[in-house]
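Report on the structure
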Amino acid sequence: MTSVQLPWQNPVLARELKQRMSTPRIMLVITLYLVVLGAIVLGLYNARTGQRTGGFGQAGITQVATIGQGLFEWVLFFMALLVLFIVPGFTAASIAGERERQTLRAMQISLLSPFGIVVGKVMASVALTMLLLVASLPLLAVSYLIGGITFGEILISLGVLLFAAFSLSCITVACSSLVKGVTGSILLAYGIVIAMVGGSFIAFGVLSEIDQSRGFDQADPPSWVMATNPLVAIADVADRGSGPQLDPFGNVIFGPFGPVTNNTDSPLSFIRSMTESRFNQFGEIGFPEPIPVDIGGAIPEARDLQADRIPIVGEFLITSSVLAVIGLVVATRRLRTPAATER
Amino acid sequence: MTDATTIGIASPIVPEPAAARPTPPIVRARGLTKRYGSLTAVDGIDFDIPAGSIFGLIGPNGAGKSTTFAMIASLLIPTSGTVTISGIDPMQDPKGVRKAIGWMPDTIGVYGDLTVEDYLRFFAAAYRLPKANWEGLIDGLLELVNLGDKRLAQVDSLSRGMKQRVSLARALVHDPDLLILDEPASGLDPRARVELRELLLQLSSMGKTIVISSHILAELDAVCTQLAIMEGGRVHASGTPAEIRTSAGGGRRVRVDFLGGDSVEIACAGEHEQAALLVELVNRDPRTVIGFSPVADDLEGIYMRVTGRVADVAATGANQ
């Protein structure tokens, strides 16, 4: 007699969580993760508050409002980096490790479907990422309390990060199913991550140079080159333009110390400057021209200029979805039995 | 390709009583072949395994035993030929086959960081057994494999023999009719082997059909009701141990001891041939015969003769 299993009752997921969450390793990973992020937040906060409030005059004080946004972007950047580092490390052994421990065949010969096994592995990896993201919420809350960030922005950013982790998990599980050994699987997974992140930056830079060498035109390098890059997507989703921040109704957002501006000097801000590169009025690749903001009535122009930006996050979500599906299909096919050779 | 050997089929002329009639084979292989490129791992083997039997597959490493098991267990696609389990083709209905079989592979693959009960719970869930039955099921399984006191122990903390029994409990979790045990005694100490043997006999008495492979032939000799001798991907002989002894050894062997310590073994088909050969030996051999004794035909001897290695052994024995 058998019973029906719901997706969250996936035995592989339950077992993985029991195995992973009850070990000292996970506690160590979370502790290290929070210590690193906490140190970053503390260091940035001290540096920024000292820099902003230690000067003379009103300008320093009003700029303090950008601290919240800056902290948010810095934390988000490091969260993205850690996810890029942790997800492949935790997922690369998912199938290859079972193969090495000689436990894979016992699962394959049970009534678990190959898709069920793969989904269990991916869900376990995503659950770990969710745990890390939830654990880091108090640090993000610091920037929320300082101001300049809405709760919705935090949720959207975390959602994109979680989706990136999901896509990366699917790709890494596929790597794990393709390569027999754990070491090979880890190397392949990190190789893909480096290609997705570093490779896309390099490709974009090369295309920018080619674009520039053709002389003055308005063509930007194609944004799809960056569509695999989670950092660019995170930078895009955290972007608020380069002038004062506007709410959905076009009104300037004020923090406790004055208008909140968008120039955060964070790595995400730098990444945005790359993707927004275009020929400026001097014929050089440069940062976007400052958006002329007239609080009294020029809001539409500002919003129009913001609309010129490359919509990377949309392309990222589509590309990641495709890659995730490919990863799931590849891993499922690799685990399917009976097969011509032992899997 | 060897001929099919239908084990235990009754004579078509004189019908036997209903109770003695053979049960239909639970596993039937015909022309089963597996090739990896130019390597033929399994070469067109035929065999039947009757329900309720303990079927031993004998052969050295690389004989094709594990590959054969993997094809029975719906993990590998045969290059040609067919195999059915309770009439089900693993290629057509792998899930149907997986419900019917419990498989213990040749390596102890266990999750060392789980407790014994969590390990068995995982497989109870993997076989989609109702959750309400899990605890009773685990109690019963642990009692069967004599690990009741290790329920909360981490699998990694168990000895190899205990891990092997946990693995056997896992293979039994869905109460399969057919158990496939690939080298279950490998790496076990003598005590653990005896315990395993007793466990197999107990499972057989519960009506399970057991297919077991080993290259430690003495183990199989003690428990198997049916045997197949496999080497180089081919089945060289199959049947009951008695049938194989008869077909392989001509029925009996006699050891002749000479003065001075030399000895020789003579294989003969029957009593008359044995007498004739002994008389001829006494008359022709210049050495003085000091005694005759029947040789207990163990499985190892049968295996060596069936696979054509008896000549080497006899020569070695004569020179000693």
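Residues numbered from 1 in each chain as written. Chains lettered and ligands numbered in written order. Predicted model: local features only at pLDDT ≥ 70, side-chain atom pairs only at ≥ 80, totals over all residues. Heavy atoms only, no water.

1. Remarks on the overall build of chain A
- Within chain A, the secondary structure is distributed over 14 helices and 4 strands.
- When contacts within chain A are restricted to residue pairs at least 6 apart in sequence, those whose partners lie at least 24 apart make up 78%.
- Carbon together with sulfur atoms contributes 70% to the accessible area of chain A, which is approximately 15,400 Å² in total. (Helix = DSSP H or I, 4+ residues; strand = E, 2+ residues; numbered from the N terminus. Contact = heavy atoms within 4.5 Å. Areas by Shrake-Rupley, 256 points an atom, 1.4 Å probe, with all protein chains shown as cover.)

2. Considerations on the overall build of chain B
- Each helix and strand counted, chain B has 11 helices and 12 strands in total.
- Taken over 320 residues, chain B has a buried fraction of 49%.
- In chain B, of all internal contacts separated by at least 6 residues, the share reaching a separation of at least 24 is 66%.
- For chain B, the accessible surface area stands at approximately 14,300 Å², while carbon and sulfur atoms represent 53% of it. (Buried < 20%, exposed > 50% of the residue type's maximum accessible area, 1.4 Å probe, protein only.)

3. Quick word on the interface of chain A and chain B
- Between chain A and chain B, the residue contacts involve 27 residues of the former and 34 residues of the latter.
- Counting the surface lost from both chain A and chain B, the interface buries some 3,000 Å², and carbon and sulfur atoms represent 62% of this.
- Three residues stand out in chain A for area buried against chain B, namely A:Ile109, A:Leu111 and A:Pro338, and they jointly supply 26% of the buried area on that side.
- Between A:Arg105 and B:Asp106 there is a salt bridge whose closest N-O contact spans 3.3 Å.
- Taken together, the links from chain A to chain B amount to 13 residue pairs in polar contact (both at pLDDT 80 or more). (Buried area = accessible area lost by both parts, 1.4 Å probe. Salt bridge = Lys/Arg side-chain N within 4 Å of Asp/Glu carboxyl O. Polar contact = N/O pair within 3.5 Å; in protein donor to acceptor, adjacent residues only side chain to side chain.)

4. Concerning unusual backbone geometry
- Residues A:Thr337 and A:Pro338 are joined by a peptide bond in cis, for which omega reads 0°.
- Here A:Pro338 shows up in the segment after helix 14 (312-335).

5. Here we look at the packing of aromatic side chains
- As enumerated under the stated definition, the model contains 10 aromatic pairs over all chains in all.
- On the numbers, 6.0 Å between centres and 20° between planes, the contact of A:Trp74 with A:Phe78 is stacked. Here A:Phe78 and A:Trp74 lie together in helix 4 (residues 66-91), a separation of 4 residues that amounts to about one turn.
- Through a chain of ring-to-ring contacts, three or more aromatic side chains come together here, namely B:Tyr111, B:Tyr119, B:Phe122 and B:Phe123.
- If you follow B:Arg170 out to its NZ or CZ, it ends over the ring of B:Phe123, 5.3 Å from the centre.
- When the ring centre of B:Phe258 is taken as origin, the NZ or CZ atom of B:Arg287, which lies over that ring, is 3.9 Å away. (Phe/Tyr/Trp six-rings, centres within 6.5 Å; stacked < 30°, edge-to-face > 60°. Lys NZ or Arg CZ within 6 Å of the ring centre and 35° of its normal.)

6. What to know about the environment of B:Ile216
- Within the element layout of this structure, B:Ile216 appears in the loop between strand 7 (209-214) and helix 7 (217-223).
- Once the C-alpha coordinates of B:Ile216 and B:Ala185 are considered, the two residues, 31 residues apart in sequence, prove to be 8.2 Å apart.

7. So, the domain arrangement of chain B
- We note that the domain assignment places domain 1 (27-246) and domain 2 (249-319) within chain B.
- Each of domain 1 of chain B and domain 2 of chain B was reduced to a C-alpha centroid, and the two centroids are 37 Å apart. (Domains from an automatic or database assignment.)

8. Concerning the sheet that holds strand 8 (residues 226-231) of chain B
All names here are of chain B.
- Strand order across the open sheet formed by 6 strands is 5-6-7-3-8-9, with mixed pairing between neighbours. The two strands at the open ends of the sheet, each matched to only one other strand, are strand 5 (101-104) and strand 9 (234-239). Sheet twist, expressed as the average angle between the axes of neighbouring strands with direction ignored, equals 15°.
- Here strand 6 (residues 178-182) pairs with strand 7 via 5 bridges, running parallel. Across the sheet, aspartate 182 pairs through a bridge with serine 213, a residue of strand 7.
- The strands that helix 6 (residues 190-205) touches are strand 3 (54-58), strand 6 and strand 7; relative to strand 7, the one it contacts most, it runs at about 155°. (Pairing = 2+ DSSP bridges. Axes fitted to C-alpha atoms, helices over the stretch in contact; angles between N-to-C directions.)

9. Observations regarding a nonpolar patch on the surface
Residue and element names in this part refer to chain A.
- A contiguous nonpolar patch, built from Tyr144, Leu145, Phe151 and Leu155 and spanning about 470 Å² of accessible area, is present on the exposed surface.
- Broken down by secondary-structure element, the contributors of at least two residues to the nonpolar patch are helix 8 (137-146) and helix 9 (151-178).
- If you trace the backbone, leucine 155 turns up in helix 9.
- A relative accessible area of 49% places leucine 155 in the partly exposed class. (Patch = residues over 30% accessible without salt bridge, like charges linked within 9 Å, V, L, I, M, F, W, Y side chains within 5 Å.)

10. So, the confidence of the model for chain B
Residues and elements named next belong to chain B.
- The share of residues in chain B with pLDDT of 70 or more is 86%, and the mean pLDDT across the chain is 83.
- The model gives residues 310-320 a pLDDT under 50, and that stretch makes 7 contacts with residues more than four places away or in other chains.
- As scored by the predictor, the complex reaches a pTM of 0.80 and an ipTM of 0.78. (pLDDT = per-residue confidence, 0-100.)

11. Some remarks on the sheet that holds strand 4 (residues 80-85) of chain B
All names here are of chain B.
- With antiparallel pairing, 3 strands are arranged side by side in an open sheet as 2-1-4. Only two strands of the sheet have a single partner each, and these edge strands are strand 2 (39-50) and strand 4. Ignoring which end each strand starts from, the neighbouring axes of this sheet average 15° apart.
- The pairing of strand 1 (residues 25-36) with strand 2 spans 8 bridges and is antiparallel. Looking across to strand 2, one finds that arginine 28 is bridged to aspartate 48.

12. Focus on the packing of helix 7 (residues 114-135) of chain A against helix 9 of chain A
All names here are of chain A.
- Two elements in contact, helix 7 and helix 9, have axes separated by 9 Å at closest approach and are oriented at 145°. Crossing geometry of helix 7 relative to helix 9 is assigned as right-handed. For the pair formed by helix 7 and helix 9, the contact residues are Val118, Lys121, Val122, Ser125, Val126, Thr129, Met130 and Leu133 on the first element and Leu158, Leu161, Leu162, Ala165, Phe166, Ser169, Cys170 and Val173 on the second.
- Classifying every residue of the contact of helix 7 with helix 9 gives 12 nonpolar, 3 polar and 1 charged. (Left-handed = near helix turned anticlockwise from the far one by under 90°. Nonpolar A, V, L, I, M, F, W, Y, C, P; charged D, E, K, R; others polar.)

13. Considering the packing of helix 4 of chain A against helix 9 of chain A
Residue and element names in this part refer to chain A.
- At a minimum axis separation of 9 Å, helix 4 and helix 9 run at an interaxial angle of 20°. With respect to helix 9, the axis of helix 4 lies roughly parallel. Here helix 4 and helix 9 pass one another in a crossing that is right-handed. Residue-level inspection shows Phe72, Leu76, Met79, Ala80, Val83, Leu84, Val87, Pro88 and Thr91 of helix 4 in contact with helix 9, the latter providing Glu153, Ile154, Ser157, Leu158, Leu161, Ala165, Leu168, Ser169, Thr172, Val173 and Ser176. (Parallel < 35°, antiparallel > 145°, perpendicular 65-115°, else oblique.)

14. Let's talk about the side chain of A:Glu16
- Along the polypeptide, A:Glu16 turns up in helix 1 (residues 11-21).
- For A:Glu16, the contacting residues outside a window of four places in its chain are A:Met21, A:Glu98, A:Lys121 and A:Ala124.

15. Let's talk about the pattern of salt bridges
- Scanning all chains against the criterion turns up 26 salt bridges over all chains.
- Of the charged contacts, one joins B:Glu195 and B:Arg191 as a salt bridge, the two residues approaching to 3.5 Å between their closest N and O atoms. Of this pair, B:Glu195 and B:Arg191 both sit in helix 6, 4 residues apart, which is roughly one turn of the helix.
- Here B:Glu195 falls in the partly exposed class, since its relative accessible area comes to 27%.
- We classify B:Arg191 as exposed; its relative accessible area is 65%.
- Each of the salt bridges in this network shares a partner with another, and the network as a whole consists of A:Lys18, B:Glu117, B:Asp118, B:Arg121, B:Glu135, B:Asp139 and B:Arg151.

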